[in-house]
Amino acid sequence: MRYLPHTEDEVKEMLSTLGKDSLDALFSMVPENSRFKGELQIPQPLTEWELNRHMDGLAATMDSADRGRIFMGAGSYHHFIPEIVRYLISRSEFATAYTPYQPEISQGTLQGIFEYQTLVARLLGLDVANASLYDGATALAEALLMSIRITKRTKVAVSRGIHPLYRQVVATYFKPTGYEVIEIPCTASGRSDLSTLPPLSELAAVAVQSPNFFGVIEDLQGVREATKDEKTLFVCCFTEPLAYGLLKSPGHYGADIACGEGQSFGIPQSFGGPGLGMFACREKYMRNMPGRLVGQTVDVEGKRGFVLTLSTREQHIRREKATSNICSNQGLCAMASVIYMSTVGGSGIRELARLNYDKSEYLKGRLRQKGYRIVFDSPTFNEFVVDFTTGFDDRYQALMEKGIMAGLPLAGYYPELAGCYLLCVTETMEKADMDNLIREIG
Amino acid sequence: MTEKLTARGIVQEEPLLWEKSKPGKTGFSMPRRDVDACALDEALQGEGPDFPNLSEVEVIRHFTRLSQWNFGLDTGMYPLGSCTMKYNPKINDRQAGLSGFASAHPLAPQHVSQGALRLLVELEQFLCEITGMHAASLQPAAGAHGELAGMMIFNAFHQSKGVQRTKILIPDTAHGTNPASAALCGFKSIPVRSGEDGILTPELVAELMDEDTAGIMITNPNTLGLYEENLKEIADIIHGKGGLVYADGANMNAIMGVVRPGQIGVDVMHLNLHKTFSTPHGGGGPGAGPVLVREHLARFLPTPRPEKQGDHYVLSDACPDSIGRMHAFYGNFGILVRAYSYILSMGSEGLKNASRYAVLNANYIKEKLKDTYFLPYDKPCMHECVFSDQLQKESHATTLDIAKRLIDYGFHPPTIYFPLIVSGAIMIEPTETESKEDIDRFILAMQTIAAEIQADPDRLHEAPQFTKVRRLDEVRAARNPCLTGC
């Protein structure tokens, strides 16, 4: 086996150093009745070339964005990824390192993550960001648990406009705790209906997503006003960080925590993971934050350097009193996203976001012209809901045969939106693709 | 200015991204605009985030230079205890990067996602076969996430019996994340002392276990690198009081093909695919921490569950007792692809040999160094061995000094000051992919350092000497936190 370097002679020599006559004798401390005597039922080992063939075969069954025109977003977005992102994160010094416990030989990871924290904080308009969480959904769950720790209240209000799968993860995290989630409904224009909020004095947090699951840009000013002068934290979630290239940031509107999915920034969709849980908050809540943090300091010669810091919040020191149990995070994805953010740049990100907006507005306009109802009249970014009316299923399947995925059917997530589809357009979609969709839907 | 001009060999100085930024530069090939601009309410628009502006070549140089300040597994031996830093096969990165996988949408209809679903189903089967467990979920994104899923399953199991148990037993030789994971599910940790020989005694477990205790979280082999010889008996005690046994499988690399936890009384466990199954750790992640259960707990596993139905692979939500969804989609799929590829490359004998050689290498290091460094538990170890700085203390050299000096000799230091029950612990896990030559060089470096401590301990306080930065002021970083640049 090419990954196992020992020769037979070396094994013998090492065993004799130990006074053992076989490899099995190394396991003498395992009681006889605990030993597995059989052979694991795993296929015969494949050569490198057989493995390639097998995996090529599996991958070939997938309808991916490289092969078709996929008008589907819903928390996983097809964006162009500059080749240098893949190239740089493939460098083994980044890819094969562990968590940077030894800062003197981990300055590459540490400076890169410090830069990531800085750019995420700037993107979201907040003071501090952590070194990443698992994904957007767990980031939201952690944000809500954090608000409960800070306020010592046990209820949170969560908008129905937040990604339904994120809300499912929140429910999973909350189930064993006894904390309560109150759902905020959406209005006919697709925004969170804040008039239904229970008394703020009961609430640890009010959470909305913007742009929300329907692509609708929420009235964040309204959320701020509805949560003002109270302890209640304003949590702003997102699935599409590119939106903040064009729109005002959550921090601008006074959000206390912004959290969500960073996959759009240089990370392949990869069937839903690995993604990137982005998480930022106001400085006063820094010590309540979950996850790892990189901070700046100096070495014994006074030179600038970076270390993991504020680890007294973390599980290996605080054990059961830790702010979270997270240990491994999504480090290399955070590195990919900081490379992406610095490649696209400040002027580029705004232009790219504007292009995404204009392209999705183009398709929206064409669909309207064609007589389809755009379900929500609020402004949207990248995504919007269109009513193809019930009975569109057959047409949807027929389009699939032609390599077009005409959005995400919403009936399974929102029964009241049966016949409605969530469509997504990014910079990867050409005008001709959209014109073709319009022709094909008939 | 002079500082900016210095470089030690090819280790170059490099400013922060925004210190290099200049308006007008770009590193991005802007996609063509083929539609007209549309109106958008001005009140919604911001100025755009203050990202740096750099050309492509500047971004490449920046991150290439940063990477050169890092020590990776491909740089050299990385004997970080309990982290299983084994070689990450490059061919598995190719598989995860195949466009059919990398560009796949998680919510695409299942009939156009068959390859990915089949991979999930088969990987679950392989992991069950290796561990002797009955069913698995691949959703947890890291080991601690798997632990959390496991504790939620404990909670759901006891709830289904109509009781809310409030405590959980956690030995002093367990991993550090265990108490935090249990706390998230409302369990109060009850510490269990390991015996004089470093393993748990059934007597103490029997004394602490009661009907208000949900069960026990055991790391086996434990963080001293020792096999928990009484695990079966302990499991009987726990089960006798209606509790469950959780095994932290972070150390599974010691026992593949030798012990199947599912057959010795373990009810729930997790695996770290970024340890035992060779996926790269990425400087902190992403990893994957599948959770596995015995048959009577399968109904509690996270949803959706990938299944084979006839000739087709589907995602099933038909599990009313499930703890629910742990991840927005199906976990860190790209990591799962790599672990699946690793198992297919190794086969049954290859996996067993990996564990045998991992144990051989650890015992060899233990034997060769036990006259040089204090060995608190002098007995055969599994995949890692734990020394301490007790013999070096009188020369005023500590574990930290030894670790930093190893850097000067070209090795990544072992895990230090963990487990907590050994004062000044030095926890060494070589893994099976280190050659005998490299292991012998590591042993020589450790012996040389011990000799240096005798001769000139002050020299060690100066280590490391040849790195990008020297020892860093961690107290200052924590006292006046600077987490973002300006």
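Conventions used here
- Residues numbered from 1 in each chain as written.
- Chains lettered and ligands numbered in written order.
- Predicted model: local features only at pLDDT ≥ 70, side-chain atom pairs only at ≥ 80, totals over all residues.
- Helix = DSSP H or I, 4+ residues; strand = E, 2+ residues; numbered from the N terminus.
- Rg over C-alpha atoms; globule rule 2.2 N^0.38 Å.
- Buried ≥ 20, exposed ≤ 12 C-beta atoms within 10 Å, placed from the backbone.
- Contact = placed C-beta atoms within 7 Å.
- Domains from an automatic or database assignment.
- Nonpolar A, V, L, I, M, F, W, Y, C, P; charged D, E, K, R; others polar.
- Axes fitted to C-alpha atoms, helices over the stretch in contact; angles between N-to-C directions.
- Parallel < 35°, antiparallel > 145°, perpendicular 65-115°, else oblique.
- Left-handed = near helix turned anticlockwise from the far one by under 90°.
- Pairing = 2+ DSSP bridges.
- Core = buried A, V, L, I, M, F, W, Y, C linked by C-beta atoms within 7 Å.
- pLDDT = per-residue confidence, 0-100.

Below, the discussion takes up the overall build of chain B. Broken down by element type, chain B carries 15 helices and 14 strands. Relative to its length of 486 residues, chain B is compact, with a C-alpha radius of gyration of 25 Å against a globular reference of 23 Å. Its C-alpha atoms give chain B principal-axis dimensions of about 70 × 70 × 45 Å. Each of the 486 residues in chain B was classed as buried or not, and the buried ones make up 58%. In chain B, of all internal contacts separated by at least 6 residues, the share reaching a separation of at least 24 is 71%.

All names here are of chain A. Domain parsing of chain A yields domain 1 (69-81 + 346-441) and domain 2 (83-340). Each of domain 1 and domain 2 has a C-alpha centre, and the two are 27 Å apart. Listed per partner, the contact involves 25 residues of domain 1 and 28 residues of domain 2. If you list the elements that add at least two residues to the side of domain 1 that touches domain 2, you get α10 (331-369) and β12 (383-387). Taken together, the residues that form the side of domain 1 that touches domain 2 break down as 13 nonpolar, eight polar and four charged.

Residue and element names in this part refer to chain A. Viewed as axis vectors pointing N to C, helix α6 (residues 136-151) and helix α7 (residues 164-174) meet at an angle of 45°, and their least axial separation amounts to 8 Å. For the element pair α6 / α7, the angle class is oblique. Where α6 crosses over α7, the two elements pack in a sense that is right-handed. Residues Gly136, Ala137, Thr138, Leu140, Ala141, Leu144 and Leu145 of α6 pack against Leu165, Tyr166, Val169, Val170 and Tyr173 of α7. Residue composition of the contact of α6 with α7, grouped by class: ten nonpolar, two polar and no charged.

Moving on, we get to the sheet that holds strand β6 (residues 233-238) of chain A. Residues and elements named next belong to chain A. Taken together, the seven strands give an open sheet; going across it, the order is β2-β8-β7-β6-β5-β3-β4, and neighbouring strands pair in mixed fashion. Sheet topology places β2 (128-129) and β4 (180-184) at the edges, where each strand pairs with a single neighbour. In terms of strand pairing, strand β3 (residues 155-159) meets strand β5 (residues 203-209) through four bridges, oriented parallel. If you follow Lys155 over to β5, its bridge partner there is Leu203. Running over the sheet, α6 touches β3, β5, β6, β7 (257-261) and β8 (277-281) and is turned about 160° from β7. Along the sheet, α7 contacts β3, β4 and β6; its crossing angle with β4, the most-contacted strand, is approximately 160°.

Okay, the interface of chain B and chain A next. Facing 164 residues of chain B, the contacting portion of chain A comprises 168 residues. Elements represented by at least two residues in the side of chain B that touches chain A include exactly α3 (56-68), α4 (91-97), α5 (99-102), α6 (114-131), α7 (143-160), α8 (177-184), α11 (333-369) and α15 (474-479) of chain B. At 21 residues, the largest contribution of residues to the side of chain B that touches chain A is made by α11(B). Along the lines of polarity and charge, the residues of the side of chain B that touches chain A split into 85 nonpolar, 55 polar and 24 charged.

A few words now on the nonpolar core. Across soluble globular proteins, nonpolar side chains have a tendency to be buried as a group. In this structure, A:Leu140, A:Ala207, A:Val235, A:Ala280, B:Ile153 and B:Leu336 are the most contacted members of the largest nonpolar core, which totals 290 residues. No other element matches α11(B), which puts 19 residues into this core. If you count residues domain by domain, this core takes at least three from each of domain 1 (69-81 + 346-441) and domain 2 (83-340) of chain A. Residue contacts for A:Val235: discarding those within four places in its chain leaves A:Ala143, A:Leu144, A:Ser147, A:Ala205, A:Val206, A:Ala207, A:Ala255, A:Asp256, A:Ile257 and A:Cys259.

Once that is clear, we can look at the packing of α10(A) against helix α12 (residues 431-441) of chain A. Residue and element names in this part refer to chain A. Where α10 meets α12, the closest approach of the two axes is 10 Å, and the angle between their N-to-C directions is 20°. In terms of their interaxial angle, α10 and α12 are classed as roughly parallel. Considering only the axes of α10 and α12, their crossing is right-handed. Only Lys431, Met434 and Ile438 of α12 make contact with α10, whose side of the interface consists of Tyr362, Leu363 and Arg366. Residues that form the contact of α10 with α12 fall into these classes: four nonpolar, no polar and two charged.

Before going further, it helps to examine the confidence of the model for chain B. Here chain B shows a mean pLDDT of 96. Residues at 70 or above account for 98%. With pTM at 0.97, the complex prediction returns an ipTM value of 0.97.

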